[in-house]
Amino acid sequence: MANSELLTVAEALAIVLSRVAPLDEERVPLLDALGRVLAAPVVAADSLPPFANSSMDGYAVRADDIVSAGPQSAVLLRVVADIAAGRPSDVALTPGTAARIMTGAPLPDGADAVVPVEDTDEPWRGADRPLPERVAIRRAVGHGDYVRYPGEDIRAGQTVLTAGHVIRPQEIGVLASLGVERVTVVRRPRVGVLATGDELIDVGAPLMPGKIRNSNGYAQAAQVRALGGEALALGVAGDREDDVRARLDAGVAAGVDLLVSSAGVSVGAYDVVKAVLDQAGGVVFWRVRMRPGKPLAFGAYRGVPFLGLPGNPVSAMVSFERFARPAILKMAGRRELERPNVEAIVLEDLHSDGRESYLRAVVSRDERGYVATTTGSQGSHIMTSLVQANALLIVPEGVTAVAAGTTLRALMIDWPSDVF
């Protein structure tokens, strides 16, 4: 076991990340790839656009026919076709002719430009308007104007997306345009979530003396889901080694990629999780110099990476944020594991105990730039202060006092659109 009393947050995180790796790949339906990481490059089988088409409602023309066109010198062209989107025409333009064309409709042979309808004498009123015999063109256009050419966006044979790319809605749109029905992505991490403690009851149970509801099990499961992982609820284990072991065994049997528990990793007489971990595979490290969240166990249980979080709800969520979140993202194939962060001016005096501290705060912006205020009590049981926060303000290790006006790094757990 590492000398855990000396581990910094950075050292502990490096150990965690060194012991997890991206998972294997799977092929999923297109929409199921949203938020996932590509495990293989996507090569276009078709060009996009697949054919030359109009980018405007107007008239397909030969640009050489209308070089003299202007507001006071309209050029009259004979209209020989009406081309709607999805309905190719076999008409070819010859000198002095034009074809009415809709946006997205294929350009007819012989045409090399499109004149927008507003630059003609036709006051367009919809597709049911009779086709004029002639149209007056009131503006000259150049070769290729208002034409989308084949392969202008993507060429057949081109690598469109590389492995490691995160699939967003815009990537879904591109893949759909290319006819990709199934996508090869990194498998979603399966995370077994266990809460421990004789005092815990389920959320629907009535409160009784000495009992509290199992908020950690739900909070950590939600944190897993928010990252795109699959959370497997392992329930609540009492403060008995056999109960903890049985529930962890169930997670291993279900094929989880990571085990996350809360409570039971401190030095109390009933903190049995660390003992179970010691017996089953060993603790790589135990404590970390951070606040909140000093008691933090990491190791392996029957070959599965295991992260034992503190029991206090804020400590558990902050510890998950700093250690479980990047581990899960790495398993999912992500390359960017850190939250966005900004330098923020602190608007109040702050105090710490010298450990690297994560203070719940609200970051906003004014004429000075980003500014931060804490959200009241920083007690590790005060969950509402985390609800009110959009950031974790980081007080560096060794610092016990921060004066108002000091700039600190703020880890953005939310990125509010009204601020950034």
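Use the structure listed above.
A brief report on the enclosed structure follows. (Residues numbered from 1 in each chain as written. Predicted model: local features only at pLDDT ≥ 70, side-chain atom pairs only at ≥ 80, totals over all residues. Heavy atoms only, no water.)

**Things to note about the environment of Gln72**
Turning to step 1, where the next piece is worked out: Relative to the helices and strands, Gln72 is located in the loop between strand S4 (58–61) and strand S5 (75–83).
Turning to step 2, where the next piece is worked out: Considered as a pair, Gln72 and Arg138 are 66 residues apart in the sequence and their alpha carbons are 7.5 Å apart. (Helix = DSSP H or I, 4+ residues; strand = E, 2+ residues; numbered from the N terminus.)

**Focus: the sheet that holds strand S7 (residues 113–116)**
Turning to step 1, where the next piece is worked out: With mixed pairing, the 5 strands of this open sheet are ordered in space as S7-S4-S6-S5-S8. Strand pairing shows two members of the sheet lacking a second neighbour, S7 and strand S8 (134–137), which therefore form its edges. Between one strand axis and the next, the sheet turns by 40° as a mean value, whatever way the strands run.
Turning to step 2, where the next piece is worked out: As paired elements, S4 and strand S6 (residues 97–101) share 3 bridges and run antiparallel to each other. Bridging across to S6, Ala60 finds its partner in Ala99. (Pairing = 2+ DSSP bridges. Axes fitted to C-alpha atoms, helices over the stretch in contact; angles between N-to-C directions.)

**Quick look at the sheet that holds strand S20 (residues 304–309)**
Turning to step 1, where the next piece is worked out: Pairing within the open sheet is mixed, and its 6 strands lie in the order S15-S12-S16-S20-S19-S17. For this open sheet the edge positions go to strand S15 (230–237) and strand S17 (283–287), each flanked by a neighbour on one side alone. Put simply, the sheet's adjacent strands are angled 15° from each other on average, direction ignored.
Turning to step 2, where the next piece is worked out: The pairing of strand S19 (residues 295–301) with S20 spans 5 bridges and is antiparallel.

**Looking at the pairing of strand S24 (residues 369–374)**
Turning to step 1, where the next piece is worked out: Bridge count for strand S21 (residues 341–346) against S24 is 2 bridges, and the pairing is parallel. Counted as the bridge partner of Val346 is Ala372 from S24.
Turning to step 2, where the next piece is worked out: Pairing of strand S23 (residues 356–366) with S24, which is carried by 6 bridges, proceeds in the antiparallel orientation. Note on S24: the bridge partner recorded for Ala361 is Thr374.
Turning to step 3, where the next piece is worked out: Taken together, S23 and the strand that follows it, S24, pair antiparallel across an intervening segment of 2 residues.

**Some points on the layout of surface pockets**
Turning to step 1, where the next piece is worked out: Taken as a whole, the largest pocket spans an internal volume of roughly 440 Å³.
Turning to step 2, where the next piece is worked out: Lining the largest pocket are 21 residues, and of these Ala226, Leu227, Glu321, Arg325 and Arg339 lie nearest its centre.
Turning to step 3, where the next piece is worked out: Secondary structure elements with two or more residues in the lining of the largest pocket: helix H3 (215–226) and helix H6 (313–331).
Turning to step 4, where the next piece is worked out: Looking at the lining of the largest pocket, the element that brings in the most residues is H6, giving 6 residues.
Turning to step 5, where the next piece is worked out: Residues belonging to the lining of the largest pocket are distributed by class as follows: 12 nonpolar, 3 polar and 6 charged. (1 Å grid on protein atoms, 1.4 Å probe; cavity = no way out; pocket = protein on both sides within 12 Å on 5 of 7 lines; lining within 4 Å. Points joined across faces, edges and corners; volume = space filled by probe spheres on them. Nonpolar A, V, L, I, M, F, W, Y, C, P; charged D, E, K, R; others polar.)

**Here we look at the pattern of salt bridges**
Turning to step 1, where the next piece is worked out: Inspection of every chain in the model, using the stated rule, returns 21 salt bridges.
Turning to step 2, where the next piece is worked out: Arg368 is the salt-bridge partner of Asp366, the closest N and O atoms lying 2.6 Å from each other. (Salt bridge = Lys/Arg side-chain N within 4 Å of Asp/Glu carboxyl O.)

**Comments concerning unusual backbone geometry**
Turning to step 1, where the next piece is worked out: Leu48 connects to Pro49 through a cis peptide bond whose omega is -5°.
Turning to step 2, where the next piece is worked out: You can see Pro49 is positioned in the loop between strand S2 (42–43) and strand S3 (53–54).
Turning to step 3, where the next piece is worked out: Here the amide bond leading from Arg291 into Pro292 is cis, since omega sits at -5°, within 30 degrees of zero.
Turning to step 4, where the next piece is worked out: In this fold, Pro292 is placed in the loop between strand S18 (290–291) and S19.
Turning to step 5, where the next piece is worked out: Despite not being glycine, Tyr146 has its phi angle at roughly 60°, a positive value.

Read these as spatial facts, not as claims about activity.
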